[in-house]
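One-letter residues, chain by chain:
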Amino acid sequence: MAAGAVTEDYPQEIDEQLTTFDSSVNAVKTMLEKLMSMSRNDVMQKLDPLEQAKLDLMSVYTLNSLFWMYLVTKGINPREHGIKQELERIRTYMNRVKEITDKKKAARLDKGAASRFLRNALFDPDDKESKKAASKKPADAPSEAPQRKRPKQS
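Calculation rules
Residues numbered from 1 in each chain as written. Predicted model: local features only at pLDDT ≥ 70, side-chain atom pairs only at ≥ 80, totals over all residues. Heavy atoms only, no water. UniProt positions renumbered as here; feature names shortened; annotations may be inferred. Helix = DSSP H or I, 4+ residues; strand = E, 2+ residues; numbered from the N terminus. Buried < 20%, exposed > 50% of the residue type's maximum accessible area, 1.4 Å probe, protein only. Areas by Shrake-Rupley, 256 points an atom, 1.4 Å probe, with all protein chains shown as cover. Salt bridge = Lys/Arg side-chain N within 4 Å of Asp/Glu carboxyl O. Axes fitted to C-alpha atoms, helices over the stretch in contact; angles between N-to-C directions. Parallel < 35°, antiparallel > 145°, perpendicular 65-115°, else oblique. Left-handed = near helix turned anticlockwise from the far one by under 90°. Contact = heavy atoms within 4.5 Å. Nonpolar A, V, L, I, M, F, W, Y, C, P; charged D, E, K, R; others polar.

- Per its UniProt entry, the protein chain bears the Function (unreviewed entry) comment "Plays a role in the recruitment of the exosome to pre-rRNA to mediate the 3'-5' end processing of the 5.8S rRNA."
- Under Subunit (unreviewed entry), UniProt gives the following word-for-word description of the protein chain: "Monomer and homodimer."

What follows is the structure in structure tokens.
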């Protein structure tokens, strides 16, 4: 063979897939190097408990996924291995953390605003009883209008 000839040990059809795989492995390597360069205690101290749980779950899931890929490269069917159950267990915990995060983001009901909204939506101007009851409010009853904050004095 000539020195300038390129010999390939794999079919040309999978060249693009191998290039994508190589770039993905390099991206994972870069992220792991960045994560491993920091002290775990320093990282954990900066995070709240929910973020700590997310980091732990992400780390464990990544490690188990890499082991799954290792088994595939060795010709072992990972679906018949214990790693499948471990990944499912981790996914259940990830779903629990997601539920907790979603509950934190969920809108909170302002009961006072909701009752005022319903009272005003159901108000009937022809109802004389309502008018009389509203006009006979005691003077010392607290107003339902929000009170303004006083400006700070310097």
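## Here we look at the overall build of the protein chain
Argument step 1. Counting its secondary structure elements, the protein chain contains six helices and zero strands.
Argument step 2. Reading the protein chain from its N end, one meets helices and strands in the order α-α-α-α-α-α.
Argument step 3. In the protein chain, which comprises 154 residues, the share counted as buried stands at 8%.
Argument step 4. Carbon and sulfur atoms make up 56% of the accessible area of the protein chain, which totals about 14,100 Å².

## Examining the pattern of salt bridges
Once the charged atoms of two side chains with opposite charge are near each other, the side chains can pair.
Argument step 1. Inspection of every chain in the model, using the stated rule, returns four salt bridges.
Argument step 2. Among the ionic pairs, Glu 51 bridges to Lys 54, the shortest N-O distance being 3.7 Å. Of this pair, Glu 51 and Lys 54 both sit in helix 3 (residues 49–73), three residues apart, roughly one helical turn.
Argument step 3. Accessibility expressed as a relative area gives 34% for Glu 51, which makes it partly exposed.
Argument step 4. Residues Arg 89 and Glu 86 are paired through a salt bridge, measuring 2.6 Å at the closest nitrogen-oxygen approach.

## Observations concerning the packing of helix 3 against helix 4 (residues 83–105)
Argument step 1. Two numbers describe how helix 3 lies on helix 4: the axes approach to 10 Å, and their chain directions differ by 155°. Taken together, the axes of helix 3 and helix 4 lie roughly antiparallel to each other. Our pair here, helix 3 against helix 4, has a crossing hand that is left-handed. In contact with Leu 50, Ala 53, Lys 54, Leu 57, Val 60, Tyr 61, Asn 64, Ser 65, Phe 67, Trp 68 and Leu 71 of helix 3, helix 4 contributes Ile 83, Lys 84, Glu 86, Leu 87, Ile 90, Arg 91, Tyr 93, Met 94, Val 97, Ile 100, Thr 101 and Lys 104.
Argument step 2. Looking at the contact of helix 3 with helix 4 residue by residue, the classes come out as 15 nonpolar, three polar and five charged.

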